[in-house]
Amino acid sequence: VRDIQWAMRDHYEGTPLDITNDVGATAYKMPYRLSPLTFEVNGQKYFNERPISTQQSAFTFVAQMRSGMPNEVGGVLWFGTDDANMMVFTPVYCCATEVPDCYKECYADPVVFSWKSSFWVFNWVANMIYPKYSMVIDDMRGVQGALEKRIYEQSKEVEAEALAVIKSSPKYA
């Protein structure tokens, strides 16, 4: 799961498709290009490859299906809003019956900013990082990594408690 999450954040750094070293990357090695990805110079057409992680993303998810666990916790959607490179993946279990406030439609207005909206918070973070990418991305990665590590560890505790409740139910007795 963690490997796929990191793959969703890829910009092909270190490959022939890496765009962090061309003129469009600016001095801050930004791995993003505005759409369209094509451009023309002296009558010659060029294009930038579209990275996996892009600023045009509304959300990203990694689905984890664990057949050895009860359905209620065996299926997990590791979900996040906005640019996969800048957001934090959080688990949404198959047994979820309510939408967390940060994802609710009342805060998901595409035009009106809200600190209660997951999308708008991650979008704000990303937009603060884009202009000075190489100067601040490592700081953001430290916070992002710590949050995801804590969420991953907490998910194990939540799953253990949920499994205890599930296994004590008449369905599994």
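Definitions and cut-offs
- Residues numbered from 1 in each chain as written.
- Predicted model: local features only at pLDDT ≥ 70, side-chain atom pairs only at ≥ 80, totals over all residues.
- Heavy atoms only, no water.
- Pairing = 2+ DSSP bridges.
- Helix = DSSP H or I, 4+ residues; strand = E, 2+ residues; numbered from the N terminus.
- Core = buried A, V, L, I, M, F, W, Y, C linked by side-chain atoms within 4.5 Å.
- Buried < 20%, exposed > 50% of the residue type's maximum accessible area, 1.4 Å probe, protein only.
- Contact = heavy atoms within 4.5 Å.
- Lys, Arg positive; Asp, Glu negative; His and termini not counted.
- Salt bridge = Lys/Arg side-chain N within 4 Å of Asp/Glu carboxyl O.
- Phe/Tyr/Trp six-rings, centres within 6.5 Å; stacked < 30°, edge-to-face > 60°.
- Lys NZ or Arg CZ within 6 Å of the ring centre and 35° of its normal.
- Expected span 1.5 Å × (residues − 1).
- Axes fitted to C-alpha atoms, helices over the stretch in contact; angles between N-to-C directions.
- Disulfide = S-S within 2.5 Å.
- Patch = residues over 30% accessible without salt bridge, like charges linked within 9 Å, V, L, I, M, F, W, Y side chains within 5 Å.
- Areas by Shrake-Rupley, 256 points an atom, 1.4 Å probe, with all protein chains shown as cover.

### A closer look at the pairing of strand E2 (residues 44-47)
Both strand E1 (residues 38-41) and E2 contribute to a ladder of four bridges, which runs antiparallel. Looking at the pairing, phenylalanine 39 lines up with tyrosine 46 of E2. Hairpin connection of E1 to E2: two residues between the antiparallel strands, including asparagine 42 at a positive phi of 50°.

### What to know about the nonpolar core
Counting residues in each nonpolar core, the largest one holds 13 residues, and the members touching the most others are Val73, Trp78, Met87 and Phe89. For this core, the secondary structure elements donating two or more residues are strand E4 (75-81) and helix H4 (133-167). It is H4 that provides the largest number of residues to this core, a total of three residues. Not counting the four nearest positions on each side in its chain, valine 73 is found in contact with Arg66, Tyr93, Ala162, Leu163 and Ile166. Judged by nonpolar contacts, the second largest core, of nine residues, contains Met30, Tyr32, Ala126 and Tyr130.

### Quick word on the side chain of aspartate 83
Within the secondary structure, aspartate 83 is located in the loop between E4 and strand E5 (90-93). As a buried residue without a salt bridge, aspartate 83 has its nearest oppositely charged side chain in arginine 9, at a separation of 7.4 Å. Ignoring anything within four residues of it in the chain, the contact list for aspartate 83 reads Tyr32, Ser53, Thr54, Gln55, Ser57 and Tyr130.

### Structural notes on the packing of aromatic side chains
Under the definition given, this model contains 11 aromatic pairs. Ring-pair connections join several aromatic residues into one group, and the members of that group are Phe113, Trp115, Phe119, Trp120 and Trp124. The cationic tip of arginine 9 hangs over the ring face of tryptophan 6; the distance from NZ or CZ to the ring centre is 4.7 Å.

### Quick word on H4
Between the first and last C-alpha of H4 there are 48 Å, a value that for 35 residues agrees with the 51 Å anticipated at 1.5 Å per step. By the burial criterion, the buried members of H4 are Tyr133, Ile137, Met140, Gln144, Glu148, Ile151, Ser155, Glu159, Leu163 and Ile166. Close packing links the buried residues of H4 with helix H1 (2-7), helix H2 (71-74), E4, E5 and helix H3 (118-129).

### Description of the sheet that holds strand E3 (residues 59-65)
The three strands lie next to each other as E3-E4-E5, forming an open sheet whose pairing is antiparallel. Every interior strand has two partners, whereas the edge strands, E3 and E5, have only one. Neighbour to neighbour, the strand axes of the sheet diverge by 30° on average, direction disregarded. With four bridges joining them, E4 and E5 adopt antiparallel strand pairing. Across the sheet, residue phenylalanine 79 finds its bridge partner in E5, namely threonine 90. The sheet contacts of H4 involve E4 and E5, and relative to E5 the element is tilted by about 25°.

### Quick word on the state of the cysteines
Scanning the model with the defined rule gives zero disulfides in all. Here cysteine 94 stays free of any disulfide, with the sulfur of cysteine 95 as its closest cysteine sulfur at 7.6 Å. Cysteine 106 takes part in no disulfide bond, and the closest cysteine sulfur, belonging to cysteine 102, lies 11 Å away. Classification of cysteine 106 by relative accessible area gives exposed; the value is 58%.

### Some details on a nonpolar patch on the surface
On the surface, Phe113, Trp115, Trp124 and Met128 cluster together into a nonpolar patch covering about 460 Å² of accessible area. Accessibility expressed as a relative area gives 47% for methionine 128, which makes it partly exposed.

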